[in-house]
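Each chain is listed here by its residues.
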Amino acid sequence: MCLTIPGKVIKIKQKNALLKTPNGVRQINIGLLSRVKVGDWLLATTDFAVKKIKTKDAEEILELLAGQKFTETKNVSPKFKQILQNAQIKNLTKEEIIYLFRTEGQEKEALFSEADAVRKENLKDFICLHAIIEFSNYCTNNCFYCGLRRDNKTIARYRMSVPEIVKVADEAVNTIGYKMLVLQSGVDKWYTDEMLVDIVKRIKARSRCFIFMSVGERSIDCYKKMKEAGANGVLFRFETSNQKLYEKLHPEDSLKGGFKNRLHLLQEMKKMGYYISSGPIIGLPGQTAEDLADDILMMKKLGVGMVSMGPFVPCDNTPLALEPHGDVEFSLKMIAVSRLVIPKARIPVTTALETLDPQNARKRGLQSGANSLMFNLTPAKYRNKYKIYPNKFHGRDKDLEDFALYKGKESWEMLTREFKKYI
Ligand code: 5AD
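First things first, this report covers the structure right here in the doc. Keep in mind the model is a prediction, meaning the values are calculated, not measured.

Let us look at the overall build of the protein chain. Secondary structure summary: the protein chain contains 17 helices and 15 strands in total. Since a compact globule built from 423 residues should have a radius of gyration of about 22 Å, the 22 Å found for the protein chain is in line with a globular shape. Dimensions of the protein chain, computed from C-alpha atoms along their principal axes, come out at roughly 70 × 45 × 40 Å. Per-residue burial for the protein chain yields a buried fraction of 57% across its 423 residues. Contacts spanning at least 24 positions in sequence make up 72% of the contacts within the protein chain whose residues lie at least 6 apart.

A grouping of Leu32, Phe48 and Ile89 is seen on the molecular surface, where their side chains present a nonpolar patch of about 270 Å² in accessible area. Relative accessible area serves as the criterion here: at 49%, Ile89 is assigned to the partly exposed category.

Quick look at the site of the ligand now. Taken together, the residues surrounding the ligand are Tyr145, Cys146, Gln184, Arg237, Glu239, Ile281, Pro311, Phe312, Val313, Ile388 and Tyr389. The contact in question runs from a nitrogen atom of the ligand to an N or O atom on the backbone of Tyr145, over 2.9 Å. Considering only residue class, the shell around the ligand consists of eight nonpolar, one polar and two charged.

Tallying each qualifying case throughout the model produces 27 salt bridges. Its salt-bridge partner being Glu329, residue Arg364 comes within 2.5 Å of it at the nearest N-O pair. One end of the pair, Arg364, is in helix α14 (residues 361-366); the other, Glu329, is in helix α12 (residues 328-341), with 35 residues separating them in the sequence. Through salt bridges with shared partners, a single ionic network connects Asp193, Glu194, Arg218, Asp221 and Lys225.

Next up on the list: the sheet that holds strand β6 (residues 128-136). Spatially, β12-β10-β9-β8-β7-β6-β15-β14 is the arrangement adopted by the eight strands of the open sheet, whose pairing is parallel. Bordering the open sheet on either side are β12 (306-307) and β14 (348-349), each of which pairs with just one other strand. Of the pairings in the sheet, the one linking strand β10 (residues 275-278) to β12 comprises two bridges and is parallel in character. Across the sheet, the residue bridging to Ser278 is Val307, located in β12. Along the sheet, helix α6 (residues 193-206) makes contact with β6, β7 (180-185) and β8 (210-214), crossing β8 at roughly 160°.

Taking every second residue as pointing to the same face, the buried face of strand β2 (residues 16-21) carries Ala17, Leu19 and Thr21, while none of Asn16, Leu18 and Lys20 on the other face is buried. Sheet topology places strand β1 (residues 6-13) next to β2; five bridges connect them, and they run antiparallel. Each bridged residue has a counterpart across the sheet, and for Lys13 the counterpart in β2 is Asn16. In this structure, the hairpin formed by β1 and β2 is closed by a connection of two residues, where Gln14 is found at a positive phi of approximately 50°. Bridge count between β2 and strand β3 (residues 24-29): six bridges; the pairing is antiparallel. In the sheet register, Asn16 faces β3, and the bridge partner there is Asn29.

Bringing the packing of aromatic side chains into the picture now. Applying the stated criterion across every chain yields a total of 13 aromatic pairs. For the pair Tyr275 and Tyr422, a centre-to-centre distance of 5.0 Å together with 80° between the ring planes defines the contact as edge-to-face. Placement of Tyr275 in strand β10 and of Tyr422 in the segment after α17 (409-419) is noted, with a sequence separation of 147 residues between them. Exposure class is identical for Tyr275 and Tyr422. Each is buried. Every member of this aromatic cluster is reached through a ring pair, and the members are Phe210, Phe212, Tyr275, Trp412, Phe419 and Tyr422. The ring of Tyr138 carries the charged tip of Arg159 above its face, separated from the ring centre by 3.7 Å. Just above the ring of Tyr274 sits the side chain of Lys227; from NZ or CZ to the centre is 5.9 Å.

Further remarks concern the environment of Pro343. Take Pro343: it is sitting in the loop between α12 and β14. On the accessibility criterion, Pro343 (29% relative accessible area) is partly exposed. Put simply, Pro343 and Gln88 are 255 residues apart on the chain and 9.4 Å apart in space, counted from C-alpha to C-alpha. When near neighbours in sequence (up to four residues on either side) are disregarded, Pro343 contacts Val118, Asn122 and Leu123.

Quick look at helix α11 (residues 289-302) now. Given a rise of 1.5 Å per residue, 14 residues ought to cover 20 Å, and the 20 Å separating the end C-alpha atoms of α11 matches this to within 8%. Where α11 is concerned, the buried positions are Asp291, Leu292, Ala293, Asp295, Ile296, Met298, Met299 and Leu302. Gly303 lies just past α11 and shows a positive phi near 70°.

Moving on, we get to a positive patch on the surface. A cluster of basic residues, Lys270, Arg417, Lys420 and Lys421, forms a positive patch at the surface. Looking at where Lys421 falls in the secondary structure, it is placed in the segment after α17. Overall, Lys421 belongs to the exposed group, its relative accessible area being 65%.

About the cut-offs
All residue numbers refer to positions counted from 1 along the written sequence of the respective chain. The predicted nature of this model means local features are confined to residues of pLDDT at least 70 and side-chain atom pairs, given and counted, to a pLDDT of 80 or more, with totals for whole chains, interfaces and linings taken over all residues. The side-chain values count all of the structure's non-hydrogen atoms but skip hydrogen atoms and water molecules. Comment: elements are numbered from the N terminus, with helices defined as DSSP H or I runs of at least four residues and strands as E runs of at least two. We compute the radius of gyration from the C-alpha atoms alone; for a globule the expected value is 2.2 Å times N to the 0.38, where N is the number of residues. Throughout, exposure labels follow a simple rule: accessible area from a 1.4 Å probe, protein chains only, divided by the maximum for the residue type, with under 20% read as buried, over 50% as exposed, and the rest as partly exposed. The contact criterion used is simple: two residues touch if any of their non-hydrogen atoms lie within 4.5 Å. Every patch collects residues that have over 30% relative accessible area and no salt bridge, joining them within 9 Å if they carry like charges and within 5 Å if they are nonpolar side chains (Val, Leu, Ile, Met, Phe, Trp, Tyr). Only the protein chains shown count as cover for residues, with accessible areas throughout obtained via the Shrake-Rupley method and a probe of 1.4 Å. A pair is scored as a salt bridge if a Lys or Arg side-chain nitrogen falls within 4 Å of a carboxyl oxygen belonging to Asp or Glu. When at least one non-hydrogen atom of a residue lies within 4 Å of a molecule or strand, that residue is treated as near it. Whenever two N or O atoms come within 3.5 Å, that pair is a polar contact, provided that in protein one can donate a hydrogen and the other can accept it, and provided that, for residues adjacent in sequence, both atoms are side-chain atoms. As a working rule, the residues Ala, Val, Leu, Ile, Met, Phe, Trp, Tyr, Cys and Pro are called nonpolar, Asp, Glu, Lys and Arg charged, and the rest polar, with Gly in that last group. Any two strands with at least two DSSP bridges between them are considered paired. Helix axes are fitted only over the stretch in contact, all axes being lines through C-alpha atoms; the angle between N-to-C directions runs from 0 to 180 degrees. Centres within 6.5 Å make a pair out of two Phe, Tyr or Trp rings, where for Trp the six-membered ring is used; the pair is then stacked when the planes are under 30 degrees apart, edge-to-face when over 60, and tilted otherwise. Whether a charge lies above a ring is judged from NZ of Lys or CZ of Arg, which has to be within 6 Å of the ring centre and within 35 degrees of the ring normal. To estimate how far a helix should reach, multiply one less than its number of residues by 1.5 Å. A residue counts as positive if it is Lys or Arg and as negative if it is Asp or Glu; His and the chain ends are not included. Note that the charge is assigned to NZ on lysines, CZ on arginines, CG on aspartates and CD on glutamates.

Worth remembering: the numbers are spatial, not functional.
What follows is the structure in structure tokens.
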């Protein structure tokens with residue numbers, strides 16, 4: 001089912017019009033739009049026209065959607081149809097989001113297919129690749145879920161030197177062709193603010209790329225300096241929007257204002273002009289569907305450009321080692337609903353999902369609303385030490401890399417347009 005297929009108006013009678021779409025002719029109500037005439041192209045839900053579009057855009061969308069198989073509208077409930085219609089014209093409510101979380105069978109497939117269509121409509125068929133370089137696994141935080149937590153004495157720790165980091169970034173951009181880098185570490189103050197600034201400056205001096213910093217809680221001043229040095233985005237998850245749950249998972253941090261501090265930092269980063277990537281872990285012990293609906297609404301409220309979330313994967317030698325992992329299907333629903341709520345967001349299939357379902361996660365994620373991937377470029381000798389959770393997926397796919405790292409001027413210009421506010 002697609003509720004956004006363009007159709008051409010072939011006849012008008014008062015508030016109703018006959019719309020010709022690739023699936024046939026149907027009657028819709030045009031009461032929400034003004035001045036509709038025969039020959040206009042409209043985007044319509046099952047019953048209502050919601051937007052007038054240019055012929056050129058209509059043709060482009062139809063071309064993109066050609067060959068797409070949509071679930072039959074008649075096999076879904078009126079409530080489901082209504083929610084998908086609502087998603088096109090207003091923000092979904094928490095209750096509506098929870099309804100979508102609970103879909104099964106035909107409705108679940110229709111949700112995925114709708115999210116896929118919304119992704120195509122907004123972002124076409126580009127898959128964006130991000131190269132992630134995990135440059136240190138030291139961490140002063142003690143998060144209950146994370147294998148890098150300070151109290152985990154069982155893992156071998158490593159730090160990459162500044163020249164080493166710059167060299168890997170150089171190769172990623174200038175040899176392979178990546179344009180988006182994520183520099184990630186635990187909260188590791190061994191790297192002074194000046195060193196982080198130096199890393200950003202040196203990479204920017206030799207490589208034309210966008211840089212996301214993922215270095216956790218640092219001072220506002222440090223984030224300002226990194227921005228001035230040329231960093232474009234931050235990847236900083238709020239982990240859960242439920243403050244009580246957050247405090248359970250970060251008891252020490254909470255004494256220092258943890259949850260509020262994290263949100264405050266995210267808001268400050270936004271004010272500084274960073275492109276924000278944030279989101280929750282899905283399936284944390286004690287987390288409810290309500291919490292996850294709030295998480296999606298929080299991403300929307302924070303104005304994230306990139307949705308960053310993935311299922312919980314229990315890790316040995318952490319307090320949550322024996323807890324069950326997050327659910328793959330639920331994670332796909334989170335991707336799909338996030339796509340409906342934040343239609344233009346970058347939504348990557350994250351490594352945690354690929355870890356739980358190495359065969360299918362990538363494909364299913366990309367067919368359920370996701371539009372990008374994270375490829376790991378941490379040097380092999382360090383990679384297995386970055387154990388946020390066990391069996392971490394490190395896959396890179398040469399064909400995808402070639403296809404998605406669309407080299408050349410046009411693609412760079414596309415990214416520049418998207419990131420113009422963050423340069
Ligand atoms: N399972 C899934 N995600 C995790 N992260 C940390 N530990 C886990 C885990 N066990 C995520 C957190 C962190 C990001 C870098 O990795 O959301 O912000």
